[in-house]
Amino acid sequence: MPVTTLDPRTALVLIDLQQGITALPTVHPAEEIVARGARLATAFRAHDLPVVLVRVTGPGSPGRNELPPRQGEPPAGFAELRPELGRQDGDIVVTKQTWGAFHATDLDLQLRRRGVTQIVLAGIATSIGVESTARAAHEHGYHVTVAADAVTDLDPETHRVSLTRILPRLAETGTTDAIIALLG
């Protein structure tokens with residue numbers, strides 16, 4: 001369903017737009033995703049709405065899986081947020097250890113303190129951090145919107161499945177321009 005409305009207290013949540021993640025090969029150029037995220041952040045700040053900058057520093061969940069875990073320490077600067085996002089003193093910065101921005105963080109508390117009832121999501125990777133955060137937000141009772149042109153993934157098929165099969169069950173989707181227009 002295309003994005004129809006934004007609640008009066010909507011927060012922007014940008015997922016993993018950090019040096020180490022945006023350096024990875026993605027379906028859509030990471031520079032475009034960062035630029036759209038920055039446009040959204042500027043628009044949300046102009047309307048005095050919360051901006052959440054999420055970064056990942058941890059190795060992920062400790063449970064067993066079939067794919068090998070990342071090896072070694074991340075390179076220097078891996079978790080530094082992209083400067084194009086224009087981080088402001090009032091922004092909420094969430095550092096996560098796993099895929100989703102809600103698990104083992106204070107994100108829900110930070111949003112509820114501000115009366116937030118809806119979140120707009122953008123970032124990398126669509127099928128990992130974005131989808132995981134959308135699932136948790138939906139389960140926490142937030143209205144969720146995904147800026148479909150401001151997300152990308154490492155794999156074209158998982159990106160497509162997330163955008164066409166999973167996220168529409170959890171959220172409305174729309175373009176960066178459509179979301180900014182709804183801000184008024």
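The preceding data block contains the structure.
Below is a short write-up of the structure. Residue indices begin from 1 for each chain and proceed along its sequence in written order. Restriction of local features to residues with pLDDT of at least 70 applies here, the model being predicted, together with a cutoff of 80 or more for giving and counting side-chain atom pairs; totals for whole chains, interfaces and linings are based on all residues. The side-chain quantities take in all heavy atoms of the structure and omit both hydrogens and water.

Remarks on the sheet that holds strand β2 (residues 51-56)
Line of reasoning, step 1. Pairing is parallel in the open sheet, where 6 strands are placed in the order β3-β2-β1-β4-β5-β6. Each edge of the open sheet is held by one strand with a lone partner, namely β3 (92-96) and β6 (172-174). Ignoring strand direction, the axes of neighbouring strands in this sheet form an average angle of 25°.
Line of reasoning, step 2. Any two strands between which DSSP finds at least two bridges are classified as paired. Each helix corresponds to a stretch of at least 4 residues labelled H or I by DSSP, and each strand to a stretch of at least 2 residues labelled E; elements are numbered beginning at the N terminus. Across 6 bridges, the pairing between strand β4 (residues 118-124) and strand β5 (residues 143-152) is parallel. Each bridged residue has a counterpart across the sheet, and for V120 the counterpart in β5 is T145. Fitted lines through C-alpha atoms give the axes, limited to the stretch in contact for helices. The angle between two N-to-C directions lies from 0 to 180 degrees.

Digging into the pairing of strand β1 (residues 10-15)
Line of reasoning, step 1. In terms of burial, β1 is a largely internal element, 6 of the 6 residues being buried.
Line of reasoning, step 2. Throughout this description, buried means an accessible area under 20% of the type-specific maximum (1.4 Å probe, protein chains only), exposed means over 50%, and partly exposed covers the range between. Of the two faces of β1, the one lined by T10, L12 and L14 and the one lined by A11, V13 and I15 are each fully buried.
Line of reasoning, step 3. Where β1 lies against β2, 4 bridges are found, and the strand directions are parallel. Paired with L14 across the two strands is L53, which belongs to β2.

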